[in-house]
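Overview (structure and organization)
Residues per chain are reported as follows:
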Amino acid sequence: MRPLTEREIRAAFVNCTKGEAKRLSVPWDLAERPWDDLDFLGWRDPQAPDRAYLAIELGDRLTAIALRSPGATSWQTRRSMCSMCMTTHTGGVSLMTAARAGKAGQQGNSVGAYICSDLACPLYVRGKKDAGVGARMPESLTLEEKIQRTVTNVTAFIAKVDARRAVPN
């Protein structure tokens, strides 16, 4: 992924108002992010632990979505698998929901997925971040195929959030 600017990120949100996008917390350390190892940028809001954000380049267009996830509870100590990167964690996967874009979202419709709580899927897939023993199931897929699967899963989730836009292959 190419390095992104705060301005680009704020302009890319599809499921919140321009005012909400202007007020949300963008990572302060954009310059230090491992861009070469990222297929998408995901982050948690340090001022609002129940909020997270995800930005991905779809074709030549940057698309970002706002996510919500519940606070940590005792049930999160179970082992769960991220539906994006297929990494298993003990307490490190959250149900994240996103308001649908447009009128559907204004009517309260949302979609959800189980995603790595820290949104570091690209780093888990590449082995740059460790989720612990048994986090990665043995697979016959190559690293490139695992990366493509993660991107495909994230793209499909984005398409559910923003059904107004065609998502390129």
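Not measured: the values here are computed from a predicted model. Here the residue numbering is sequential within each chain, running from 1 through the sequence in written order. Reporting in this predicted model follows two pLDDT cut-offs: at least 70 for local features of residues, and 80 or more for side-chain atom pairs to be given and counted; totals over whole chains, interfaces and linings ignore these cut-offs and use all residues. Note that water and hydrogens are dropped before the side-chain values are worked out from all heavy atoms of the structure.

1. Quick notes on the overall build of the protein
Which entries qualify depends on this criterion: Note on conventions: DSSP H or I runs of at least 4 residues are helices, E runs of at least 2 residues are strands, and numbering of each starts at the N terminus. Here the globule rule is a power law, 2.2 Å times the number of residues to the power 0.38, and the radius of gyration is based on C-alpha atoms. Burial status follows relative accessibility: with a 1.4 Å probe on protein chains alone, a residue under 20% of its type maximum counts as buried, one over 50% as exposed, and anything between as partly exposed. Between two residues, a contact is recorded if the distance between any of their heavy atoms is within 4.5 Å. The protein chains shown are the only cover counted for residues, whose accessible areas, like all others here, come from Shrake-Rupley with a 1.4 Å probe.
Secondary structure summary: the protein contains 5 helices and 7 strands in total. Against the 2.2 N^0.38 benchmark of 15 Å for 169 residues, the protein shows a C-alpha radius of gyration of 15 Å, consistent with a compact globule. The dimensions of the protein, computed from C-alpha atoms along their principal axes, are 45 × 35 × 30 Å. The buried share of the protein, taken over its 169 residues, is 45%. In the protein, of all internal contacts separated by at least 6 residues, the share reaching a separation of at least 24 is 57%. Accessible area for the protein stands at about 9,200 Å²; split by element, carbon and sulfur atoms hold 52% of it.

2. Regarding helix α5 (residues 143-161)
Applicable threshold: Given the number of residues in a helix, its expected span is that number minus one, multiplied by 1.5 Å.
The terminal C-alpha atoms of α5 lie 27 Å apart, and with 19 residues this matches the ideal 27 Å at 1.5 Å per residue to within 8%. For α5, every residue scored as buried is listed here: K146, I147, T150, V154, T155, F157, I158 and V161. Packing partners of the buried residues in α5 comprise β2 (48-58), β3 (61-68), β6 (93-99), β7 (110-116) and α4 (121-125).

3. Points about the environment of I9
Considering the arrangement of structural elements, one finds I9 in helix α1 (residues 6-11). I9 gets classed as buried once you look at its relative accessible area, which sits at 0%. Between the alpha carbons of I9 and A21 there is a distance of 8.7 Å; along the sequence they are 12 residues apart. Contact partners of I9, with chain neighbours within four places excluded, come to L4, V26, L30, L41, W43, L62 and A64.

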